[in-house]
Amino acid sequence: QKFSTGDVVAVVLNLNSASPNAHTISLFKNGKRASQPQALPEILKDKALYPILTFKNVTLHYNFGPHTMAPLPFKCRSINEVLQPDVSKKKEHTAHSEGQYEVLFPVSLPDEGGFDWLDQFLQKHPHYVELSDRSLLNWCEKSGLSRPKGYGLSARGSNDKPEMGMGIAALDDLSVRRVLYDAVAPLQQRNYVVMEVRGNLLKDERVEQLSRWNGFKRVGVVLLGEPTAAFKKYGQEVTLRVKQEVSDQDFRAKQAQEKQQFLLQKRQKQLDKEKRKAARKTQKTQEAMLKRLKYDQAKKEAEVKGEAIPDPPEEEMEEDDDEEEEIEEPEPVEQEPPPVELSDEEKKRWWSKQAVSDLTMYVVNTTFQKYSLPVKEEGFDELRYPWQKEDKVKEYLKAWVQDRKLTSRVEDLQPGEWFLARQKEWQKALAAWHAKQSSWKAGESKKQLEANQREQKRKVYEAQVLEAQKEGKEPPAKPEGLDDQSLKEPAAKIDVDLIDVFSVEDIFDLGNGEPLFANFQFEDWSMLSLRFELHLLSHAFRKDANDADRVLVPLDHLPFYYNRYFKKALSTKTYGADTVEEVARLVRDTILVTKNPISKLRVLESQLPEELECLNIFVMLTEEHRRERQRRIDLGDDAARLKFLTPGALSVPSGSLSSGSASPSGTPSAVSAAVAAASTVVRPSAVPPPAMAAMASGAASPVQIRGPLRPSFGMPGLPGL
């Protein structure tokens, strides 16, 4: 209905439990009903309700009684007429002894009891108002707003910044939040708790927040370190409650699934029974029709012969379905969810374990290095330390940040100029090597073709000469190109497999025009690139992180950094491995996997110096590995075969890629066997770093490299591997 100037609108709330319209709300226009009674949401029943007027572009006059502006068709009381038992009076907001209202800024680390402290504090001090995205979401729930994700414990990305997801622009873009918290709240005389886990840990955001609360007593509450025994107990109670709620949800979901499955099976059994019954009925009908046809035929024959007409077949009575009744399984009975208990690990925790984290991992990883403790110079009137003293809190925060550096990813890490220059140099060298191999193979193919053609001509010519001799004729003229070619001694062939790869001065020419990498296949080129990429990543990470506490790449984060630097995924299946560590151990002649003595994490470390005079060392290492692998295969060791996925194999469905996929040569092998067959080149402990650097730069002489500095290959399990 439309409302115009002078209309009187009445909102009637029916809380009379004896009325058929109990717990409903109705709208009246000029004393006449304008809508049917609308039931209150379940969440609002038996709760304190507040009269709210929302309007836009109109002028209105509100009336809370005691007299109505338009008579209603029944008697009811106005708000000003309600009796004391029917109202809930909210506790007054009172200023503190200094005459100021307080605004508290809790400072807590993510997932370390911040929201638990807030919940406990609000229970003891209900006259404080929480200002947070969490409270805004709770207001939406109490207002009956629909949220597609629901309001469950796990239906949010984080506790600090849960996405609204209401489908209402003003809520989803947080416009309502900015108006309420930044403009309206500071004008209201009451006590507040500004709960911002991330914002309260950052100095700039704290200063910005404090500037909005002039006239209030601004108090920082630092919640770091070991909490009190009472708080630990409260945290365990919260953990148990959350764990029970999650368990109840899973239990009921499983029950509902089992019931649905039971009903589907019951329905399927009923359909099968009806099909069998219909099939029997059809069979009986066909048998009856056949008997009738035989009777009609016999009757005609009897009439023709003049014989007595046989008696017609008896009509069979419909018999009851004699199918044995199956014993129906009883319908699953709904049961109460079983109680849960805290594990020993959960009992040792200082804080509760929530269904979702306070902050997303990305937010933590990109901001934790800026976390700081509040100081009065920022604008605080008072700082409180309810758990531990200030000096202990400072030590705790420093240790927490240090530990986080060793275990977290650098989310905003970007490749620097040093990396980009080395990568460009590598791509240029790699293209030159591929071009040289292609030209060498093309030249060898051409030489072989020419030799085959000459040999064919020679055989034809010799046959013609023999035939001419038999016939006594003059021999034919020798074709061009055969002049002494067949009589020349073949040039001494160089056995390149006997050449020490680390003594080669020019990898483009081993003395006969053949490059060192002439026999590289797809697997070898992949290993070559993997060596360089992991080496480059190891050094670039230290430079770009620019943090003395972050100098080695954690193995768990290698896929992330590899993708960030090289713009492609590090797929373990491509290298026939199951884990990233197995991939790294394929090139252990270049990369070491060690344990960080502080963080105890597995980290990646290059054995080569960051500055190399040339990139030939990577070709040498790859060729040495190829030769060793081929020698083992020739000896019958199929475990030495690499089972990399070739580009053609990468296009097959993901379901067909398994650890038992065949290698490019067609020989299947286990992942562990492939890893065991990987190069076992290690840097001997006696090799000094300068010598290795000299070898890598190409400055070492053949004699130096052929000595104890030469990396060695061996069978898995031998000492030193």
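Further up the page is the structure itself.
As the structure is a computational prediction, the values presented were derived from the model and not from experiment.

Draft legend 1. The arrangement of the pairing of strand 5 (residues 102-108) in detail. Within strand 5, 7 of the 7 residues are buried, which leaves the element mostly enclosed by the surrounding structure. What you see with strand 5 is no split at all: Glu102, Leu104, Pro106 and Ser108 on one side and Val103, Phe105 and Val107 on the other are buried throughout. Looking at chain direction, strand 5 and strand 8 (residues 217-223) are connected through 7 bridges and run parallel. The residue of strand 8 that forms the bridge with Glu102 is Lys217. Alignment of strand 5 against strand 7 (residues 191-194), held across 2 bridges, turns out to be parallel. Bridge pairing in strand 7 places Leu104 opposite Val193.

Draft legend 2. Spatial organisation of the packing of aromatic side chains. Counting across every chain of the model gives 28 aromatic pairs. Centre to centre, the rings of Phe105 and Phe380 are 5.9 Å apart; their planes meet at 85 degrees, and the pair counts as edge-to-face. Of this pair, Phe105 sits in strand 5 while Phe380 is found in the loop between helix 8 (361-367) and strand 9 (382-384), placing the two residues 275 residues apart along the sequence. Pair check on accessibility: Phe105 and Phe380 agree, each one buried.

Draft legend 3. Examining the packing of helix 10 (residues 417-471) against helix 11 (residues 522-545) more closely. Two numbers describe how helix 10 lies on helix 11: the axes approach to 10 Å, and their chain directions differ by 170 degrees. With respect to helix 11, the axis of helix 10 lies roughly antiparallel. Here Trp418, Phe419, Arg422, Gln423, Trp426, Leu430, Trp433, His434 and Gln437 of helix 10 come into contact with helix 11, specifically with Trp525, Leu528, Ser529, Phe532, Leu536, His539, Ala540 and Lys543. Class assignment of the residues belonging to the contact of helix 10 with helix 11 gives a composition of 10 nonpolar, 5 polar and 2 charged.

Draft legend 4. Summary view of a nonpolar patch on the surface. Taken together, Phe3, Val9, Val11, Leu13, Leu15, Ile25 and Leu49 make up a surface patch of nonpolar side chains, about 590 Å² in accessible area. The element best represented in the nonpolar patch is strand 1 (residues 9-14), accounting for 3 residues. Assignment of secondary structure puts Leu13 in strand 1. Leu13 sits in the partly exposed class, given a relative accessible area of 37%.

Draft legend 5. The arrangement of the pattern of salt bridges in detail. The tally for this structure, following the rule as stated, stands at 43 salt bridges. Here Asp7 ties to Lys29 by a salt bridge, and the two come within 3.9 Å at their closest N and O atoms. Linking Asp7 in the segment before strand 1 with Lys29 in strand 2 (residues 24-29), this pair joins segments that are 22 residues apart in sequence. A salt bridge links Glu42 to Lys45, with the shortest nitrogen-to-oxygen separation between them at 3.0 Å. Because the salt bridges share partners, they merge into one network encompassing Glu102, Lys217, Glu382 and Arg384.

Draft legend 6. Structural context of the nonpolar core. Of all hydrophobic cores here, the largest spans 57 residues; its most connected members are Trp433, Leu528, Leu558, Leu604 and Phe618. Taken together, the elements giving at least two residues each to this core come down to helix 10, helix 11, helix 12 (558-566), helix 13 (580-585), strand 11 (591-595) and helix 14 (616-634).

Draft legend 7. Geometry of the sheet that holds strand 10 (residues 553-554). Strand order across the open sheet formed by 3 strands is 10-12-11, with antiparallel pairing between neighbours. This sheet does not close on itself; its edge strands, each paired only once, are strand 10 and strand 11. Relative to strand 12 (residues 602-606), strand 10 is paired through 2 bridges, and the arrangement is antiparallel. Paired with Val553 across the bridge in strand 12 is Leu604. Here helix 11 sits on the sheet in contact with strand 10, strand 11 and strand 12, set at roughly 105 degrees to strand 12.

Draft legend 8. Summary view of the sheet that holds strand 6 (residues 128-131). Here we have 5 strands laid out as an open sheet, ordered 6-7-5-8-9, and parallel in their pairing. Where the open sheet ends on each side, the last strands, each with one partner, are strand 6 and strand 9. Neighbouring strand axes in the sheet, compared pairwise and without regard to direction, differ in orientation by 25 degrees on average. With 4 bridges joining them, strand 6 and strand 7 adopt parallel strand pairing. Across the sheet, Tyr128 pairs through a bridge with Asn191, a residue of strand 7.

Draft legend 9. Spatial organisation of the packing of helix 11 against helix 14. Relative to each other, helix 11 and helix 14 sit at 135 degrees, their axes nearing to 9 Å. Classified by the angle between their axes, helix 11 and helix 14 sit oblique to one another. Here helix 11 and helix 14 pass one another in a crossing that is right-handed. Across from Asp524, Met527, Leu528, Arg531, Phe532 and His535 in helix 11, the residues of helix 14 making contact are Phe618, Val619, Leu621, Thr622, His625, Arg626 and Arg629.

Draft legend 10. Quick peek at helix 9 (residues 390-407). Here helix 9 is 18 residues long and its end C-alpha atoms lie 26 Å apart, about the 26 Å a rise of 1.5 Å per residue gives. Buried within helix 9 are the following residues: Val393, Leu397, Trp400, Val401, Lys405 and Leu406. Structurally, helix 9 contributes buried residues whose contacts are with strand 8, helix 8 and strand 10.

Draft legend 11. Quick look at the side chain of Asp358. Looking at the element boundaries, Asp358 is found in the loop between helix 7 (344-348) and helix 8. It turns out Asp358 is buried and unbridged, and the closest side chain with the opposite charge, Arg134, is 7.9 Å from it. At a separation of 3.1 Å, a polar atom in the side chain of Asp358 contacts the side chain of Asn159.

Draft legend 12. Fine view of unusual backbone geometry. Of note in the backbone geometry, Asp46 takes a positive phi value of approximately 60 degrees without being a glycine. Here Asp46 is to be found in the loop between strand 4 (38-39) and strand 5. For Asp46, a relative accessible area of 73% corresponds to the exposed category. Here Lys567, not a glycine, exhibits a phi torsion of approximately 60 degrees, which is positive. On the secondary structure map, Lys567 appears in the loop between helix 12 and helix 13. On the basis of relative accessibility, which here comes to 61%, the residue Lys567 falls in the exposed class.

The rules behind each value
Residues numbered from 1 in each chain as written. Predicted model: local features only at pLDDT ≥ 70, side-chain atom pairs only at ≥ 80, totals over all residues. Heavy atoms only, no water. Buried < 20%, exposed > 50% of the residue type's maximum accessible area, 1.4 Å probe, protein only. Helix = DSSP H or I, 4+ residues; strand = E, 2+ residues; numbered from the N terminus. Pairing = 2+ DSSP bridges. Phe/Tyr/Trp six-rings, centres within 6.5 Å; stacked < 30°, edge-to-face > 60°. Axes fitted to C-alpha atoms, helices over the stretch in contact; angles between N-to-C directions. Parallel < 35°, antiparallel > 145°, perpendicular 65-115°, else oblique. Contact = heavy atoms within 4.5 Å. Nonpolar A, V, L, I, M, F, W, Y, C, P; charged D, E, K, R; others polar. Patch = residues over 30% accessible without salt bridge, like charges linked within 9 Å, V, L, I, M, F, W, Y side chains within 5 Å. Areas by Shrake-Rupley, 256 points an atom, 1.4 Å probe, with all protein chains shown as cover. Salt bridge = Lys/Arg side-chain N within 4 Å of Asp/Glu carboxyl O. Core = buried A, V, L, I, M, F, W, Y, C linked by side-chain atoms within 4.5 Å. Left-handed = near helix turned anticlockwise from the far one by under 90°. Expected span 1.5 Å × (residues − 1). Lys, Arg positive; Asp, Glu negative; His and termini not counted. Polar contact = N/O pair within 3.5 Å; in protein donor to acceptor, adjacent residues only side chain to side chain.

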